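This is what each chain is made of:
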Amino acid sequence: MKFNSGDSVTVILHSPREKLLGILDEINPAGVSLRAIDLGYFDDWVNSIVADEPHLPMDDYFFPMWRVERITRDETSGNITSMADQFEKRTGRKMSDF
């Protein structure tokens, strides 16, 4: 299954270890480009948006391929709702708009 620009993805990096949730821009042999937030910030970020409070924006990132441990598509599976779907349900807006 191919990743496409605009897909909601989770990226796990090493050296240092980081977990990001974001919107994929591009994957190529050099690395991965995406607009993302730290996965640990997701709930606070969504709550701030819902409450119309100041919040950190999604940032644009490029990570060289040697740092990328894993990329997974953020998809709903059975009873487990994707992060993008949770975002839309809680805020009434699409995560890709941020």
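Our subject is the structure that appears above.
Our subject in this report is the structure included herewith. (Residues numbered from 1 in each chain as written. Predicted model: local features only at pLDDT ≥ 70, side-chain atom pairs only at ≥ 80, totals over all residues. Heavy atoms only, no water.)

### What to know about unusual backbone geometry
Condition: Helix numbers and strand numbers start at the N terminus; a helix is a DSSP run of H or I with at least 4 residues, a strand a run of E with at least 2.
Cis geometry is adopted by the peptide bond preceding Pro16, which originates at Ser15 and carries an omega value of 0°. Position of Pro16 relative to the elements: it lies in the loop between β1 (8–13) and β2 (18–28). Phi at Ser15 is positive, roughly 60°, even though this residue is not glycine. For Ser15, the position within the fold is in the loop between β1 and β2.

### Describing the environment of Val46
The line we're drawing: Burial here depends on accessible area, computed with a 1.4 Å probe over protein chains only, as a share of the maximum for the residue type. Under 20% is buried, over 50% is exposed, and the range in between is partly exposed. In what follows, a contact means two residues having at least one pair of non-hydrogen atoms within 4.5 Å.
Residue placement: Val46 occurs in helix α1 (residues 42–50). Using a relative accessible area of 0% as the deciding quantity, one classes Val46 as buried. Separated by 10 residues in sequence, Val46 and Ala36 have C-alpha atoms that sit 13 Å apart. Ignoring any residue separated from it by four or fewer positions in sequence, one finds Val46 in contact with Phe87, Arg90 and Thr91.

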